[in-house]
Amino acid sequence: MAARQTPSRRPHSPADPAFKRATKFQPKPGRRGVAPRLVRWVLLLLSGVIIIDALFGDRGLLDTMRAQREYAALEAHVARVKAENVRLRAEARRLKEDPLAIETIARDELGLVYPGETLFIIRDAAPPPLR
């Protein structure tokens, strides 16, 4: 039984007309046209522009990071203001309901005294802590 040879798909001989047709439009080895080099430079330039825009453009990475820092600072500020608001509401409620709180403020801040009491003012002394 003889081994059957399969015909090659690519022509190997330069004398074969199929070889000439197959290699007619292929560039010579080692030589590149201007078009691939130009396409490579255009793609490189385009990718550079996209990267720069992603970093520095509107809504870019740096702008987003700055906005996140501002958001965190504003969140902290809102938390401080809410805490002070709670404190001031408690103080306002205490001043409305507790006569001793009003008396303490009148004595400490305004220097008021009851009739018959003697007020001594001592200079160069630290003021007493507020209650």
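Residues numbered from 1 in each chain as written. Predicted model: local features only at pLDDT ≥ 70, side-chain atom pairs only at ≥ 80, totals over all residues. Heavy atoms only, no water.

Okay, the overall build of the protein next. Within the protein one finds four helices and zero strands. For the protein, the N- to C-terminal ordering of α and β elements is α-α-α-α. Buried positions account for 5% of the 131 residues belonging to the protein. For the protein, the exposed surface amounts to about 13200 Å²; the carbon and sulfur share of it is 62%. (Helix = DSSP H or I, 4+ residues; strand = E, 2+ residues; numbered from the N terminus. Buried < 20%, exposed > 50% of the residue type's maximum accessible area, 1.4 Å probe, protein only. Areas by Shrake-Rupley, 256 points an atom, 1.4 Å probe, with all protein chains shown as cover.)

Moving on to the confidence of the model for the protein. Here the protein shows a mean pLDDT of 81. Residues at 70 or above account for 73%. Predicted confidence in the protein is weakest over helix α1 (residues 17-23), with a mean pLDDT of 61, and strongest over helix α3 (residues 61-97), with 95. (pLDDT = per-residue confidence, 0-100.)

Turning our eyes to something else, we now look at the pattern of salt bridges. What the rule picks out here adds up to seven salt bridges. The shortest N-O distance in the salt bridge between E103 and R107 comes to 3.2 Å. Of this pair, E103 and R107 both sit in helix α4 (residues 99-110), four residues apart, roughly one helical turn. We classify R107 as partly exposed; its relative accessible area is 29%. (Salt bridge = Lys/Arg side-chain N within 4 Å of Asp/Glu carboxyl O.)

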